[in-house]
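Chain by chain, the residues run as shown.
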Amino acid sequence: MKITTFNPFISTSHADETIRLFEELGFERTHKKVGIEIAERDDTVIRMKDANGFHLDILQPEGELPRDMVGIRGGDSCECGQL
């Protein structure tokens, strides 16, 4: 299996403060998607990137979260039958 993507994300009800923190660390906003359906909610995702090309997504849920969460979305490619 070959890992082709590595996408960390932060899911938080405090997206504005989190975005400001990462901007201070050198990240820039690349785009924003509104109305992404996740778990029967319409969330907003802000994509950020630093000078080295490292990407980070800030997910702002439609409602309040009981706590912030972090995760990694990964992608892979493999030839059928070879893992």
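Our subject is the structure that appears above.
Anyway, here's the lowdown on the structure attached to this text. Keep in mind that what you see is a predicted model, and the values were worked out from it rather than measured.

Things to note about the pattern of salt bridges
Reasoning step 1: According to the stated counting rule, one finds two salt bridges in the structure shown.
Reasoning step 2: Salt-bridge contacts for Arg29 lead to Glu23; the nearest nitrogen and oxygen are separated by 3.0 Å.
Reasoning step 3: On the basis of relative accessibility, which here comes to 33%, the residue Glu23 falls in the partly exposed class.

Some words on helix α1 (residues 15-24)
It helps to recall that an α-helix has 3.6 residues per turn; residues three or four apart then point in one direction.
Reasoning step 1: Every buried residue of α1 is listed here: Ala15, Thr18, Ile19 and Phe22. The buried residues of α1 all sit within an arc of 100 degrees when viewed along its axis, so they share a single face.
Reasoning step 2: Looking one or two residues beyond α1, the residue adopting positive phi is Gly26, at roughly 105 degrees.

Reading the values: the criteria
Residues numbered from 1 in each chain as written. Predicted model: local features only at pLDDT ≥ 70, side-chain atom pairs only at ≥ 80, totals over all residues. Heavy atoms only, no water. Salt bridge = Lys/Arg side-chain N within 4 Å of Asp/Glu carboxyl O. Buried < 20%, exposed > 50% of the residue type's maximum accessible area, 1.4 Å probe, protein only. Helix = DSSP H or I, 4+ residues; strand = E, 2+ residues; numbered from the N terminus. Arc of directions from axis to C-beta.

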